[in-house]
Amino acid sequence: MNIEKILLHRLKMKMRTPFTTSFGTQIDRYVTIVELIDENGLSGFGECVAGEDPLYSEEFMDAALVAIKKYFGPLLIQSKVTHPKSVTEVFKPFKRNMMAKSGIETAAWDLYAKQQGLPLYKILGGDKTQVDVGISLGLEKSDELIIEKIREKVEEGYKRIKVKIKPGRDVEMIRAIREVFPDIPLMADANSAYTLDDIEILKQLDEFNLMMIEQPLGSTDIVDHAKLQKEIHTPICLDESIDSYENAKAAIELGSCKIINVKVGRVGGLTESIKIHDLAKENNIPLWCGGMLEAGVGRLTNIAITTLPNFILPGDTASSSRYWEEDIITPEVVAENGVVQVSDKPGIGAEVDFEKMKKVLIQTDEITKEDALDMVFFD
Ligand SMILES: O=C(O)CCC(=O)C1=CC=C[C@@H](O)[C@@H]1C(=O)O
Ligand SMILES: [Mg+2]
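Residues numbered from 1 in each chain as written. Chains lettered and ligands numbered in written order. Predicted model: local features only at pLDDT ≥ 70, side-chain atom pairs only at ≥ 80, totals over all residues. Heavy atoms only, no water.

## Thoughts on the coordination of the magnesium ion (ligand 2)
Binding of the magnesium ion (ligand 2) to the protein goes through D189 (OD), E214 (OE) and D239 (OD), at separations of 2.2 to 2.3 Å. In the primary sequence, the donor residues of the magnesium ion (ligand 2) line up as D-x24-E-x24-D. Of the two residues, D189 is situated in strand 7 (residues 186-189) and D239 in the loop between strand 9 (236-238) and helix 9 (245-254); the sequence distance between them amounts to 50 residues. This pair shows no difference in class: D189 is buried, exactly as D239 is. (Donors = N, O, S within 2.8 Å, 3.2 Å for Na, K, Ca; no water. Helix = DSSP H or I, 4+ residues; strand = E, 2+ residues; numbered from the N terminus. Buried < 20%, exposed > 50% of the residue type's maximum accessible area, 1.4 Å probe, protein only.)

## Focus: the UniProt feature "domain: Mandelate racemase/muconate lactonizing enzyme C-terminal" (unreviewed entry) in the chain
Cross-referencing UniProt, the feature "domain: Mandelate racemase/muconate lactonizing enzyme C-terminal" (unreviewed entry) maps to residues 143-235 in the present numbering. Split by type, residues 143-235 is 42% helix and 11% strand. Its first and last C-alpha atoms lie 24 Å apart. (UniProt positions renumbered as here; feature names shortened; annotations may be inferred.)

## Quick word on the pattern of salt bridges
Should their charged atoms come close, side chains of opposite charge can pair. Scanning the model with the defined rule gives 29 salt bridges in all. A salt bridge links K359 to E326, with the nearest nitrogen and oxygen atoms 3.1 Å apart. Of this pair, K359 sits in the loop between helix 12 (354-358) and strand 15 (361-368) while E326 is found in the loop between helix 11 (296-306) and strand 12 (329-330), placing the two residues 33 residues apart along the sequence. Taking relative accessible area as the criterion, K359 reaches 61% and is therefore assigned exposed. (Salt bridge = Lys/Arg side-chain N within 4 Å of Asp/Glu carboxyl O.)

## A few points about the sheet that holds strand 5 (residues 135-137)
Pairing is parallel in the open sheet, where 7 strands are placed in the order 5-6-7-8-9-10-11. Only two strands of the sheet have a single partner each, and these edge strands are strand 5 and strand 11 (287-289). Relative to strand 10 (residues 259-262), strand 9 runs parallel, the two being bridged by 2 bridges. Across the sheet, residue C237 finds its bridge partner in strand 10, namely I259. (Pairing = 2+ DSSP bridges.)

## Looking at a negative patch on the surface
A cluster of acidic residues, E366, E370, D371 and D374, forms a negative patch on the protein surface. Looking at the negative patch element by element, the count peaks at 3 residues for helix 13 (residues 369-374). D374 sits in the exposed class, given a relative accessible area of 64%. (Patch = residues over 30% accessible without salt bridge, like charges linked within 9 Å, V, L, I, M, F, W, Y side chains within 5 Å. Areas by Shrake-Rupley, 256 points an atom, 1.4 Å probe, with all protein chains shown as cover. Lys, Arg positive; Asp, Glu negative; His and termini not counted. Charge placed at Lys NZ, Arg CZ, Asp CG, Glu CD.)

## Side note on the packing of aromatic side chains
Evaluation of the coordinates by the stated rule reveals 10 aromatic pairs. Where F72 meets F94, the ring centres are 6.4 Å apart and the plane angle is 75 degrees; that geometry is what we call edge-to-face. Separated by 22 residues along the polypeptide, F72 in helix 1 (residues 61-79) and F94 in the loop between helix 2 (87-91) and helix 3 (98-116) bring together distant segments of the chain. Using a relative accessible area of 1% as the deciding quantity, one classes F72 as buried. The class for F94 is buried, based on a relative accessible area of 17%. Seen from their ring centres, F94 and F377 are 6.1 Å apart, and the 70 degrees between their planes marks the pair as edge-to-face. Placement of the pair is F94 in the loop between helix 2 and helix 3 and F377 in the segment after helix 13, with a sequence separation of 283 residues. Judged on exposure class, the residue F94 and its partner F377 are both buried. When the ring centre of Y323 is taken as origin, the NZ or CZ atom of R322, which lies over that ring, is 5.1 Å away. (Phe/Tyr/Trp six-rings, centres within 6.5 Å; stacked < 30°, edge-to-face > 60°. Lys NZ or Arg CZ within 6 Å of the ring centre and 35° of its normal.)

## Things to note about the sheet that holds strand 3 (residues 43-48)
If you trace the 4 strands from one edge of the open sheet to the other, you get 3-2-1-15, paired in antiparallel fashion. Strands with a single pairing partner mark the edges of an open sheet, and in this sheet they are strand 3 and strand 15. Geometrically, the sheet is characterised by an average inter-axis angle of 25 degrees between neighbouring strands, direction not taken into account. Sheet topology note: the strand 2 (residues 24-38)/strand 3 ladder contains 6 bridges and is antiparallel. Looking at strand 3, one finds that V34 is bridged to G46. Sheet strands in contact with helix 1 are strand 1 (3-21), strand 2, strand 3 and strand 15, and its direction is about 155 degrees off that of strand 1. (Axes fitted to C-alpha atoms, helices over the stretch in contact; angles between N-to-C directions. Contact = heavy atoms within 4.5 Å.)

## Looking at unusual backbone geometry
Each neighbour pair has its own omega, and for T330 with P331 the value is -5 degrees, a cis peptide bond. Along the chain, P331 turns up in the loop between strand 12 and strand 13 (339-341).

## Examining the packing of helix 5 (residues 143-156) against helix 6 (residues 171-180)
At a closest axis distance of 10 Å, the pairing of helix 5 and helix 6 adopts a crossing angle of 45 degrees. Put simply, helix 5 runs oblique to helix 6. For the pair helix 5 and helix 6, the crossing hand works out as right-handed. Judged by residue contacts, D143, I146, I147, I150 and R151 of helix 5 engage E172, M173, A176, I177 and V180 from helix 6. In terms of residue class, the contact of helix 5 with helix 6 is made up of 7 nonpolar, no polar and 3 charged. (Parallel < 35°, antiparallel > 145°, perpendicular 65-115°, else oblique. Left-handed = near helix turned anticlockwise from the far one by under 90°. Nonpolar A, V, L, I, M, F, W, Y, C, P; charged D, E, K, R; others polar.)

Right under this line is the structure:
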């Protein structure tokens, strides 16, 4: 793919509204955009979705940046790969660091698609020209406030509403929501806030006809989730626990979930996402694409993977304007009546707008071919 240079654009973007989960509140989103530049000056873009702090998983942005600069960037330049599907293999000797790997692996897919003059979704094997989207709403201080937010988003046409829950803000909050909206497609995400000791609370949620409950138990667990799924009717969807094809396979075999939320960053990139997609399809496990509060680049990558056939349920690829006053891409992602049109332009399907990006840029780091070729990894 002839990569000459890698730029890491570090951004600080202010969220339009703070986003609260069982583990904390996000006000500013630190984003890293990975830009791979080839010998003809063509650029491919990927987004590293690690959080500022290791709260969702063990990864965090400062560490991901070091990992890209010290290992994955130079390795990719040295590797001389001809197709992005080989990038995961190149990175394999270095363990985990999925979000760091994904930031650069997704950029390689975008660059390759642009080199071929084709849209990324077609290169990935997708065939949808539009995708259904839902919305993920953070915890609010009162039931009235969350009900008001849901009303607004239902009116905007989102095809599925996800609310966050945590101990003390669960059964009664969902009951209050269901009294006002008895029929909307509704789901709850606990971000690992419960244990099997809370089984009676989790059983009570069966009353509310939820589409699924996402990651109720430990963030790396699949064993207790299998026990829980036997005790509740609501389908369990795993998020945090699925970080590879191997543990997706183990979770399916154990019966730990009936649905999987695929996050491209969490599983190390698009190649691993496709492997999980194919496995889930064979096993009749429906998928949806989760979000990590991405800026436009990550959002477009998510839309591309959602065009694969087993992404059956609406994803978290809401409009750019749900998150940002101004996104860094032109045109921005727009969901109309809960549907996003998939762009047919080469690569991710929109331009990174450097004028807009400049307004939120903290710093750009560079990895040159010369520096990369000087580095020795395996003696
Ligand atoms: O809209 C989105 O991008 C999804 C937001 C969302 O639900 C999440 C973002 C980041 C970390 C988690 O809290 C989380 C999730 O668990 O799905
Ligand atoms: Mg989740």
